[in-house]
Number of protein chains: 2
Amino acid sequence: MISSKDNPKIKELIKLHQAKYRKETNTFLVEGKHLVKEAFEANAVIEAYSIDEIPGYTLVSLPVMKKICKTDTVVTEVALCKINEIKPLSDNILILDNIQDPGNLGTILRTAKAFKFDTVIISKGSCDLYNDKVIRSSQGAIFKLNILNNIDLLSFIPTLNDYEIYGTNVRNGTDIKDIKKEKKIAIILGNEGNGISKEISNIIDKNIYIKLDNMESLNVSIAGAIIMYEYINK
Amino acid sequence: MISSKDNPKIKELIKLHQAKYRKETNTFLVEGKHLVKEAFEANAVIEAYSIDEIPGYTLVSLPVMKKICKTDTVVTEVALCKINEIKPLSDNILILDNIQDPGNLGTILRTAKAFKFDTVIISKGSCDLYNDKVIRSSQGAIFKLNILNNIDLLSFIPTLNDYEIYGTNVRNGTDIKDIKKEKKIAIILGNEGNGISKEISNIIDKNIYIKLDNMESLNVSIAGAIIMYEYINK
């Protein structure tokens, strides 16, 4: 049993609380039985840690576990995971332009998986994908999706030759009800406060909007969900 | 200009950071120009405060403003607001059974208003409605909705004689696609981790579900949004 916080392995794990080290090592931590199970199913686990004796897990003391974890609640399992390899693009793509809130990002990933938008492109400068709050609110979707992270959208979007590319706009655009099913589609969601950036708006010419009553806009994770749900059910 | 944090008015405002005082006084604070504007439009403002000289606002110093506000970012306006009077129930009702996350609650209110579920019933034991994060994420919907707060659902729900009452369930129920338009409808959303409580489930006999691909469930604010969107567009 590892009971020292100075154990070199444990020190490496704790370093992963910082985005810098996650990037350097291409690894990240997930906390809690549910997420560890999802990580195992996705073959993403490098090493798993538990405060209980479980075959295949490294046993650690409770104080060490508390040190490894970022959540305040008591967690009994943690896994060191490797970042997914990139797969070919799926027919439905979601593109995220500068999403900043970890809860929004995680929720968007969870919804994208549920509605078969199996590839998600995340722009440079977005909220860190491996932030613990993103991982928790993604509810395991982070392991099931094909995620391209830290992407320069201005150079990436023009490479999507055979995709219909739609922005989202609270004022102008085609009602999502009137969008037809495409062979391949890419839908862009923008920043919480400012929407899609001007540079990106300039290179796309189609926009989707959702009719609202007496409210200016929806939360980005809500708007994205309704668009994906409506599209996938066409 | 009020420049002392010991000014009795300011001390009263700061007390409103605690839920207990909001309940006692039936008042709450909103921060930021956007929300203060919404509060004025809803005739909810008792007194408004600003660090700039604006007619009708009480002038306060920047340090006093920082003390009044809960957000870390610099806010120039704050308003003391009265809690809405209750109006007759609308034809579309949303019932929230033990929602705990402030971001979820605020987002649900914002979406309810956008999709014409103009009355929202919030159960006893839910996240505090006048929590600053709820107010911010509601984006002003808190002023536009008819909200019945702190309600004992077990005694309230049976009074909804002329409403069709639907629960939500991740496994069993009628696909939201197949729900027909009702004259009056009440839709219940449950707790983030556990869904609708057993006691409530026992007194309702209809459930809605949303078909998902390879994910167990959606975030409650997402599920609620899709249900309301789909229903209102029938």
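Below, the structure is looked at part by part. (Residues numbered from 1 in each chain as written. Chains lettered and ligands numbered in written order. Predicted model: local features only at pLDDT ≥ 70, side-chain atom pairs only at ≥ 80, totals over all residues. Heavy atoms only, no water.)

This paragraph deals with the environment of Gly190(B). Residues and elements named next belong to chain B. Along the chain, Gly-190 turns up in the loop between strand S10 (185–189) and helix H9 (198–203). In this structure Gly-190 comes out as buried when scored by relative accessible area, which is 6%. Taking the C-alpha atoms as reference points, Gly-190 and Asp-175, 15 residues apart in sequence, are found 17 Å from one another. Residues contacting Gly-190, with those up to four places away along its chain left out, are Asp-97, Ile-99, Thr-168, Gly-195, Ile-196 and Val-220. (Helix = DSSP H or I, 4+ residues; strand = E, 2+ residues; numbered from the N terminus. Buried < 20%, exposed > 50% of the residue type's maximum accessible area, 1.4 Å probe, protein only. Contact = heavy atoms within 4.5 Å.)

All names here are of chain B. A sheet is described by the order of its strands in space; here seven strands give the open sequence S7-S6-S5-S10-S8-S11-S9, paired in parallel fashion. Two strands close off the open sheet at either side, each with one partner strand: strand S7 (146–151) and strand S9 (174–175). Of the pairings in the sheet, the one linking strand S5 (residues 92–96) to strand S6 (residues 119–123) comprises four bridges and is parallel in character. Residue pairing across strands places Leu-94 opposite Val-120, the latter belonging to S6. Strands in contact with helix H5 (residues 102–114) are S5, S6, S7 and S10; relative to S5, the strand with the most contacts, it is inclined by about 175°. Of the strands in this sheet, S5, strand S8 (164–168), S10 and strand S11 (207–209) touch helix H10 (residues 220–232), which is tilted by about 165° from S10. (Pairing = 2+ DSSP bridges. Axes fitted to C-alpha atoms, helices over the stretch in contact; angles between N-to-C directions.)

Attention now moves to the relation of the copies chain B and chain A. Between chain B and chain A, which share one sequence, the superposing operator has a rotation angle of 180° and an axial displacement of 0.0 Å; the RMSD is 0.0 Å. What we have between these two chains is a two-fold relation. Most of the interface of chain B is mirrored in chain A, where 100% of its interface residues are also at the interface. (Least-squares fit on C-alpha atoms with pLDDT ≥ 70 in both.)

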